[in-house]
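Working through the structure, step by step
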Amino acid sequence: MNPSQSTSLLQARNLSIGYHVKKGAPKLIADGLNFDLKDGELTCLLGPNGVGKSTLIKTIMGRLPVLEGEVRLKNQLIQYYRSDALAKELAVVLTDKIGGAQLTVEDLIALGRTPHTNWLGKMSGEDQAKVDEAIAQTHIGYLRGSLIAELSDGQLQKVMIARAIAQDAGILILDEPTAHLDLVNRFEIMFLLRKIAKESKKAILIVTHDLEIALETADQFWLMTCGEPLRTGLPEDLVCSGAINQLLPGKELFFDAAKGKVKLQSPAEDFPIQGNPTKAQWLAHALVKNGLKFPIGVTIEATEQGFLWKEEGKVMRGFDEIGEVLDWCGKDERGRMKDESPNIHRSRRKIGR
Ligand SMILES: Nc1ncnc2c1ncn2[C@@H]1O[C@H](COP(=O)(O)OP(=O)(O)OP(=O)(O)O)[C@@H](O)[C@H]1O
């Protein structure tokens, strides 16, 4: 969908968030927040631990009071929504522990339909169809009859996502929905949520620390960092402007815009490694990670077969694998005789094959 065709479903203007404490002024966590959550878009909220992402979500869902400013859902102030009306508009998955250990997976997902069922809680055919669809979309049909108490953390996370999908609200908000999932499932869930945003024209907000997967899937980023205004925009624009580095305030890490990855500051390109560029890159990567350097005058050539160690341009030895180069460099650094290592003897290959 063209971003210009999307409509803002939820807005915040000059919003302050925080906690009322027993005595004195409220504990302010962040202020001056402005954003629009639009339909048809997947938005990722990123920021360091403790900056206030969960506090923001709890404020949006009316669980915490707005300290200043306003949050509007479909143009109406959030505090004027009754909880049953809010549940029709907003499905939220928090990181809190849930009850219902003795419910089956299907029963728990069916609870997502509560805002739509009649006062007896009777499921209609349409309700059941929404439950079935959510189970199919999240690929958890094999868990349908399992008890919640018997699920792994990752399985439970998918079930909670399925429940939010079944709720079929216009806005889905998920706090770290992929935290317990393996890499494949993380991608799968994020692409599914993107697809739901596009096809069902929903506004989806996800809190995540997974910058690289967020970059692959999100339409919008909200960057929340201490003492800075909330920065919103297209992920690609935030990368190009360097704003993404707000997430990496220390000196050690930076976002390599060319490679789309978070990296250690030491530039791997400084290593005198020639030859196969992929192998050269990963050798430099391993050297940087382990804080190793070559002695002066040494260069390495990455070949199809392995790595050639050259001193003053002359090939002195060869290694099959990166681990062997690291061993050799490590021994050098500690000043041991290189030939003492039985490993190196084994790994050294004849030169000039
Ligand atoms: N009930 C509470 N009362 C007072 N302060 C709280 C309460 N809950 C959280 N805080 C504080 O609010 C701040 C923001 O917490 P929050 O959980 O929103 O951060 P977060 O960005 O979601 O962090 P994380 O990435 O670690 O989940 C923290 O300093 C935290 O200690």
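Residues numbered from 1 in each chain as written. Predicted model: local features only at pLDDT ≥ 70, side-chain atom pairs only at ≥ 80, totals over all residues.

**Topic: helix 6 (residues 183-199)**
Its 17 residues give helix 6 an end-to-end C-alpha distance of 24 Å, which sits within 8% of 24 Å, the value for a rise of 1.5 Å per residue. If you check which residues of helix 6 are buried, you get Arg 186, Ile 189, Met 190, Leu 193 and Ala 197. Angular distribution of buried residues about the axis of helix 6 spans 95°; they occupy a single face of the element. Exposed and facing more than 90 degrees away from the buried side of helix 6 are Val 184 and Glu 199. The inward-facing, buried residues of helix 6 abut strand 3 (41-46), helix 5 (153-167), strand 8 (203-207) and helix 7 (211-217). Following helix 6 by one or two positions, Lys 201 has its phi on the positive side, about 55°. (Helix = DSSP H or I, 4+ residues; strand = E, 2+ residues; numbered from the N terminus. Expected span 1.5 Å × (residues − 1). Buried ≥ 20, exposed ≤ 12 C-beta atoms within 10 Å, placed from the backbone. Arc of directions from axis to C-beta. Contact = placed C-beta atoms within 7 Å.)

**Here's the deal with the packing of helix 4 (residues 125-137) against helix 5**
Closest axis-to-axis distance for the helix 4/helix 5 pair is 8 Å, and the angle between their directions is 140°. By the angle class used here, helix 4 and helix 5 are oblique. As helix 4 packs across helix 5, the resulting crossing turns out to be right-handed. Contact with helix 4, carried on its side by Lys 130, Val 131, Ala 134, Ile 135 and Gln 137, involves Ala 162, Ile 165 and Ala 166 of helix 5 and no other residues of that element. In terms of residue class, the contact of helix 4 with helix 5 is built from six nonpolar, one polar and one charged. (Axes fitted to C-alpha atoms, helices over the stretch in contact; angles between N-to-C directions. Parallel < 35°, antiparallel > 145°, perpendicular 65-115°, else oblique. Left-handed = near helix turned anticlockwise from the far one by under 90°. Nonpolar A, V, L, I, M, F, W, Y, C, P; charged D, E, K, R; others polar.)

**Comments concerning the site of the ligand**
Inspection of the region around the ligand gives Tyr 19, Lys 27, Ile 29, Gly 47, Asn 49, Gly 50, Val 51, Gly 52, Lys 53, Ser 54 and Thr 55 as its neighbouring residues. With three residues, helix 1 (residues 53-60) is the largest single contributor of residues to the shell around the ligand. Taken together, the residues of the shell around the ligand break down into three nonpolar, six polar and two charged. (Near = placed C-beta within 6 Å.)

**Remarks on the sheet that holds strand 14 (residues 298-302)**
Read across the sheet, four strands follow the order 13-14-15-16 without closing on themselves; strand pairing throughout is mixed. Whereas interior strands pair on both sides, the edge strands pair on one side only; in this sheet they are strand 13 (273-275) and strand 16 (314-319). Shown here is a sheet whose adjacent strand axes are inclined to one another by a mean of 30°, direction ignored. Here strand 13 pairs with strand 14 via three bridges, running parallel. Considered in strand 14, the bridge of Gly 275 is made with Ala 302. With respect to the sheet, helix 9 (residues 277-289) is in contact with strand 13, strand 14 and strand 15 (307-311), its orientation differing from that of strand 13 by roughly 160°. (Pairing = 2+ DSSP bridges.)

**Structural notes on the nonpolar core**
Counting 69 residues, the largest nonpolar core has Ile 109, Ala 162, Ile 171, Ile 173 and Ile 206 as its most contacted members. Excluding residues that lie within four positions of it along the chain, Ile 206 makes contacts with Leu 42, Cys 44, Leu 45, Leu 174, Pro 177 and Leu 193. (Core = buried A, V, L, I, M, F, W, Y, C linked by C-beta atoms within 7 Å.)

**Regarding the sheet that holds strand 1 (residues 8-19)**
Sheet architecture is open: four strands sit in the order 2-1-4-5, paired in antiparallel fashion. Each edge of the open sheet is held by one strand with a lone partner, namely strand 2 (27-38) and strand 5 (76-77). The strands that helix 1 touches are strand 1, strand 2 and strand 4 (68-73); relative to strand 1, the one it contacts most, it runs at about 120°.

**Describing the pairing of strand 15**
Bridging between strand 14 and strand 15 involves five bridges; their strand directions are antiparallel. Within strand 15, the position partnered with Val 298 by the bridge is Glu 311. With five bridges joining them, strand 15 and strand 16 adopt antiparallel strand pairing. Bridged to Leu 308 within strand 16 is Gly 318.

**Things to note about the environment of Gly 250**
Note on placement: Gly 250 falls in the loop between helix 8 (235-240) and strand 11 (253-256). Along the sequence, Gly 250 and Met 316 sit 66 residues apart, while their C-alpha atoms lie 40 Å from each other.

**Side note on the confidence of the model for the chain**
Here the chain averages 86 in pLDDT, and 90% of its residues register 70 or above. Between residues 333-353, whose pLDDT stays under 50, and residues either more than four places distant or in other chains, the model counts 23 contacts. For this predicted complex, the interface confidence comes out at an ipTM of 0.98, alongside a pTM of 0.79. (pLDDT = per-residue confidence, 0-100.)

**A few points about the pairing of strand 9 (residues 220-223)**
Residues Gln 220 and Trp 222 point to one face of strand 9 and Phe 221 and Leu 223 to the other, with burial holding for every one of them. Bridge count between strand 3 and strand 9: four bridges; the pairing is parallel. Residue pairing for strand 9: Thr 43 is matched across the bridge by Gln 220. The pairing of strand 9 with strand 10 (residues 231-233) spans three bridges and is antiparallel. Across the sheet, residue Phe 221 finds its bridge partner in strand 10, namely Gly 233.

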